[in-house]
Amino acid sequence: MKEWYDAIEEAQSVERLEEIRISVFGKKGILAEGFAKMKSASDEEKAQIAKSLNTHKNALTNELVLKKMRLQTLELEAAMKAEAIDVSLYSASSQAGALHPVMETMDRIVEYFTAMNFAVKTGNMVEDDFNNFEALNLPKHHPARDMQDTFYFKDEMLLRTHTSPVQIRTMMQNKPPIRMIAPGSVFRRDYDITHTPMFHQVEGLLVDKEGKVSFANLKFILEDFLKYMFGDVEVRFRPSFFPFTEPSAEVDISCVFCKGDGCRVCSKTGWLEVLGCGIVDQNVFEAVNYENVSGYAFGLGVERFTMLIHKIGDLRSLFEGDIKLLEQFQ
Ligand code: PHE
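In this text the structure is predicted, and so the values were computed from the model without any measurement. Once a new chain begins, its residue numbering starts again from 1 and follows that chain's sequence as written. Local features are withheld for residues below a pLDDT of 70 in this predicted model, meaning they are given only at 70 or higher, and side-chain atom pairs are given and counted only at 80 or more; totals for whole chains, interfaces and linings count all residues. Derived side-chain values reflect all non-hydrogen atoms in the structure, with water molecules and hydrogen atoms excluded from consideration.

As a further point, take the overall build of the protein. Strands here are runs of E lasting at least two residues and helices are runs of H or I lasting at least four, both read from the DSSP assignment and numbered beginning at the N terminus. For the protein, the helix and strand inventory stands at eleven helices and nine strands. The globule rule puts the C-alpha radius of gyration for 330 residues at 20 Å, and the 41 Å found for the protein is more than 25% above it. Across its three principal directions, the C-alpha atoms of the protein cover 130 × 45 × 35 Å. Whether two residues are in contact is decided by their heavy atoms, any of which lying within 4.5 Å being enough. Put simply, 66% of the contacts in the protein that link residues at least 6 apart link residues at least 24 apart. With an accessible surface of roughly 19300 Å², the protein has 53% of that area assigned to carbon and sulfur atoms. Counting 38 positive and 49 negative side-chain charges, the protein places the centres of these two groups 6 Å from one another. Throughout, radius of gyration means the C-alpha value; the globule benchmark is 2.2 Å times the number of residues raised to the power 0.38. Per-residue and other accessible areas were derived by the Shrake-Rupley procedure at a 1.4 Å probe size, with only the shown protein chains allowed to occlude residues. Charge assignment: positive for Lys and Arg, negative for Asp and Glu; neither His nor the chain ends contribute. Just so you know, the charge point we use is NZ for Lys, CZ for Arg, CG for Asp and CD for Glu.

Set out below in structure tokens:
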């Protein structure tokens, strides 16, 4: 019998253990054989043999159960080691995430101005009438408000139509000089191939002592900035109107599609409008109780920049969440 105890002891797998179990306990196993032989023995011997066989039967059962448990634990540990997933392992099939092209453009714009020492400010997306219009020299019932129709709440609260209210908030909270940009979402009641109800702007504001800030300063930084964004383009300032700047200008770059020859995108003019700017109107400074200061301000649409940089035809496609489209800009 000892050989079977040794066999159990030495068994290296659950399968081997099962073979042993069959050899010992099976129909033709050694215990069955033993009990069969017992029949031909004398009564005295029978009792002896039966007792011995039953003792071995119980002992071997115990050994088998214990050994099986031990082997199963070892096998489980080995399997766990072998099947462990290395989450840090590179997999060619996994998809790398990427910044949305609008955010990538925004980052590039912010990068330029922070390098030029402009602080990044954020305001409120839900604004009041004072910050969004009134303080920006856009009194109630002024026709210029029509250009920026938006979504209104009760009590003269609204979704901001531009990032310009951040100019007001920043000036109310800080003394001059000011050198800030304000990137963020803005909202208007528009929807066509170049407009979505939500879009992004970056505002810029620089304020210093009276007579210290000139249109030439504004022109220099915007030209430099637009060349940083679009490469070797021509930049043109065109007189325009904004209630919060005087004089005001709209800035064009030579068409990035036809290099100024005239095409469908630039309506055969050779120029593309990219931002609005001007010298801060003194009425704005009055609204925030600033005295003896001068400043310039500008505002641009980040989606428009993105469309021109990536040559995208329909602005709405940027917001459809179509991975096939977005993947092209990674
Ligand atoms: N707020 C203006 C707009 O959204 C842009 C602008 C900002 C123009 C600052 C001039 C100065 O149209």
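What follows picks up the thread again.
Moving on: the packing of helix α1 (residues 2-10) against helix α2 (residues 14-25). A fitted line through C-alpha atoms serves as each axis, taken over the contacting stretch for helices, and the angle formed by two N-to-C directions is quoted from 0 to 180°. Relative to each other, α1 and α2 sit at 165°, their axes nearing to 9 Å. As judged from the angle between their axes, α1 and α2 are roughly antiparallel. Along this stretch, α1 crosses α2, giving a crossing that reads as left-handed. Residue-level contacts link Trp4, Ala7 and Ile8 of α1 to Arg16, Leu17, Ile20, Ser23 and Val24 of α2. Residues belonging to the contact of α1 with α2 are distributed by class as follows: six nonpolar, one polar and one charged. Small angles under 35 degrees read as roughly parallel and large ones over 145 as roughly antiparallel, with 65 to 115 read as roughly perpendicular and the rest as oblique. A crossing counts as left-handed when the near helix is turned anticlockwise from the far one by less than a right angle, and as right-handed when that turn is clockwise. Lys, Arg, Asp and Glu make up the charged group, whereas Ala, Val, Leu, Ile, Met, Phe, Trp, Tyr, Cys and Pro make up the nonpolar group; the residues left over, Gly among them, are polar.

Attention now moves to the site of the ligand. Near the ligand you find 14 residues, and of these His162, Ser164, Arg188, Gln201 and Glu203 are the closest. Separating a nitrogen atom of the ligand from a side-chain N or O atom of His162 is a distance of 2.9 Å. Contact distances for the ligand include 3.0 Å between an oxygen atom and a side-chain N or O atom of Gln201. Alone, the ligand offers 330 Å² of accessible surface; in the complex the protein occludes 92% of this. Proximity is defined per residue: if any heavy atom of the residue lies within 4 Å of a molecule or strand, that residue is considered near it. Whenever a nitrogen or oxygen atom comes within 3.5 Å of another N or O atom, the pair is scored as a polar contact, on the condition that within protein one atom can donate a hydrogen and the other can accept it, and that pairs from neighbouring residues in sequence are kept only if both atoms are in side chains.

What the domain assignment lists for the protein is domain 1 (2-80) and domain 2 (101-329). Bear in mind that the domain bounds are from an automatic or database domain assignment. Each of domain 1 and domain 2 has a C-alpha centre, and the two are 87 Å apart.

Right, let's get into a negative patch on the surface. For patch detection, residues must exceed 30% relative accessible area and be free of salt bridges, and they are connected within 9 Å for like charges or within 5 Å for nonpolar side chains (Val, Leu, Ile, Met, Phe, Trp, Tyr). The term salt bridge refers to a pairing of a side-chain nitrogen on Lys or Arg with a carboxyl oxygen on Asp or Glu at a separation within 4 Å. Side chains of Asp146, Asp149, Asp190 and Asp192 sit close together on the surface and give a patch of like negative charge. For Asp190, the location among the structural elements is in the loop between β4 (178-187) and β5 (198-209).

Now for the side chain of Ser164. Within the secondary structure layout, Ser164 lies in the loop between β3 (157-159) and α7 (165-173). We classify Ser164 as buried; its relative accessible area is 2%. Only 3.4 Å separates the side chain of Ser164 from the side chain of His162, close enough to count as a polar contact. Apart from the residues within four sequence positions on either side, Ser164 is in contact with Leu136, Glu203 and Phe244. Summary of the burial criterion: residues with accessible area below 20% of their type's maximum are buried, those above 50% are exposed, and those between are partly exposed, where the area comes from a 1.4 Å probe applied to protein chains only.

This brings us to unusual backbone geometry. The linkage connecting Pro176 with the following residue, Pro177, adopts the cis geometry, with an omega of 5°. Positionally, Pro177 belongs in the loop between α7 and β4. Positioned with a positive phi, Lys259 is a non-glycine residue whose angle comes to about 55°. Along the chain, the position of Lys259 falls in the loop between β7 (245-254) and β8 (271-280). Judged by relative accessible area, Lys259 falls into the exposed class, the value being 69%. With a phi angle near 55°, Lys311 is a residue other than glycine that sits in the positive phi range. Relative to the elements of secondary structure, Lys311 occurs in the loop between α10 (302-310) and α11 (323-327). Lys311 sits in the partly exposed class, given a relative accessible area of 49%.

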